[in-house]
Amino acid sequence: MTVLGAVSLPQISPERLVAVAAAAEDSGLDELWLWEDCFWGGGIASAATVLARTERVRVGIGVMPVPLRNVALAAMEVAALLRLHPGRVVPGFGHGVQDWMGQVGARVESPMTLLREQLIALRGLLNGEKVSTAGRYVRLDNVALDWPPTTAPPIAAAATGPQTLRLSGELADATILTARTTPDGVRAARALIEEGRSKAGRTGTHRVIVNLLTATGPDAFERLTAAQQRNSGDHPAEAGVAGDAQTIADTIRRYADAGADTVVLEPTDDDPNLVDFVHVVGTEVRPLLS
């Protein structure tokens, strides 16, 4: 069965997260996803808040920009969340928006090299290993977590371009695709991910998580179209859905048929009520996918 999630947009103030978390927990939603966009609320602090206020729903962080985070600190924080809330955290990492990374003095010459080094080091630290490495960007000298997770989590990587998709297949356990991804785009991403997995000799499962821009309500189509036009980069018209629960569920199935394991519904940035959006996703769309 397709895993169904919803995005809590970072534009909402941190104090409103409590109500969004309650809607996700009570509605039967599988996962609530949080963004660490600059310069809104931090992903770890937001995730900790949601996890502490819920008992069932899983929380994804999609994604933490690796240029912003020392790998040891990222591992420490993720490990603490996992020990407090076993099995309920999906940590995601990515290049970050390069303009934002430049604003804070963290932009690097080779984002691919940094992501590779971070993913390798994260894997070792979260597995409870003592890690020493002297890479181009990541340098650790006999570093080990005193409180590693009791079970190492699946690590997700955000990817759009072919090189990053292959890298995610090689080193990550899941890949997060943006809301500009069409069903055909999911198929193409799957093929590139599999190239990376084959290169690394990986045989386990690899979860593909795709965001889907979604609008509900009487003005849904107009809001969806406007949001697609506001999004950075080209946003294909078919990468999104507007309508009632059945229309949304049918679209989710098309993404699942294309190879998506998890579909995360992303509200438009002008959605009038994020709590209602999350509630509708859990109570009306989720039952149609069972």
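Below: a short report on this structure. (Residues numbered from 1 in each chain as written. Predicted model: local features only at pLDDT ≥ 70, side-chain atom pairs only at ≥ 80, totals over all residues. Heavy atoms only, no water.)

### Quick word on the pairing of strand 3 (residues 58–65)
- Counting buried residues in strand 3 gives 7 out of 8 residues, a clear majority hidden from the surface.
- Across 4 bridges, the pairing between strand 2 (residues 31–34) and strand 3 is parallel. Residue pairing in the sheet places Leu-32 in a bridge with Val-59 of strand 3.
- Note on the crossover from strand 2 through helix 2 (residues 43–52) to strand 3: the handedness is right-handed. (Buried < 20%, exposed > 50% of the residue type's maximum accessible area, 1.4 Å probe, protein only. Helix = DSSP H or I, 4+ residues; strand = E, 2+ residues; numbered from the N terminus. Pairing = 2+ DSSP bridges. Right-handed = clockwise from strand over helix to strand, strands pointing away.)

### Details of the nonpolar core
- Among the nonpolar cores identified, the biggest contains 74 residues, and Ile-252, Leu-265 and Val-278 are the most heavily contacted of them.
- The element that contributes the greatest number of residues to this core is helix 3 (residues 71–84), accounting for 8 residues.
- Not counting residues up to four positions away in its chain, the partners in contact with Val-278 are Ala-6, Val-20, Ala-23, Ala-24, Ser-27, Leu-29 and Leu-32.
- Val-63, Val-90, Ala-158 and Val-264 belong to the second-largest nonpolar core, a separate cluster that totals 12 residues. (Core = buried A, V, L, I, M, F, W, Y, C linked by side-chain atoms within 4.5 Å. Contact = heavy atoms within 4.5 Å.)

### A closer look at the environment of Ala-239
- One can find Ala-239 in the loop between helix 8 (220–230) and strand 10 (241–242).
- Note: C-alpha distance between Ala-239 and Leu-224 (15 residues apart in sequence) is 10 Å.
- What Ala-239 contacts, discounting residues up to four positions off in sequence, is Ala-179, Arg-180, Thr-181, Thr-182, Leu-212, Leu-213, Gln-228 and Tyr-255.

### Here we look at the side chain of Thr-54
- Secondary-structure assignment places Thr-54 in the loop between helix 2 and strand 3.
- Reaching out from Thr-54, the side chain makes a polar contact with the backbone oxygen of Val-50 at a distance of 2.8 Å.
- In this view, Thr-54 contacts Ala-21, Glu-25 and Arg-88; residues no more than four positions away in its chain are not counted. (Polar contact = N/O pair within 3.5 Å; in protein donor to acceptor, adjacent residues only side chain to side chain.)

### Description of the pairing of strand 1 (residues 3–8)
- Taken across its 6 residues, strand 1 has 6 buried, putting it largely inside the fold.
- Side chains Val-3, Gly-5 and Val-7 of strand 1 all project onto a buried face; the interleaved residues Leu-4, Ala-6 and Ser-8 project onto the opposite face, where all are buried too.
- Pairing analysis gives 4 bridges linking strand 1 to strand 11 (residues 262–267), with the strands arranged parallel. In the strand pairing of strand 11, Ala-6 is matched with Leu-265.
- With 4 bridges joining them, strand 1 and strand 2 adopt parallel strand pairing. Of the residues in strand 2, the one forming a bridge with Ser-8 is Leu-34.
- Read as a crossover between parallel neighbours, the route from strand 1 over helix 1 (residues 17–27) to strand 2 is right-handed.

Spatial relationships are all this shows, so hold off on functional conclusions.
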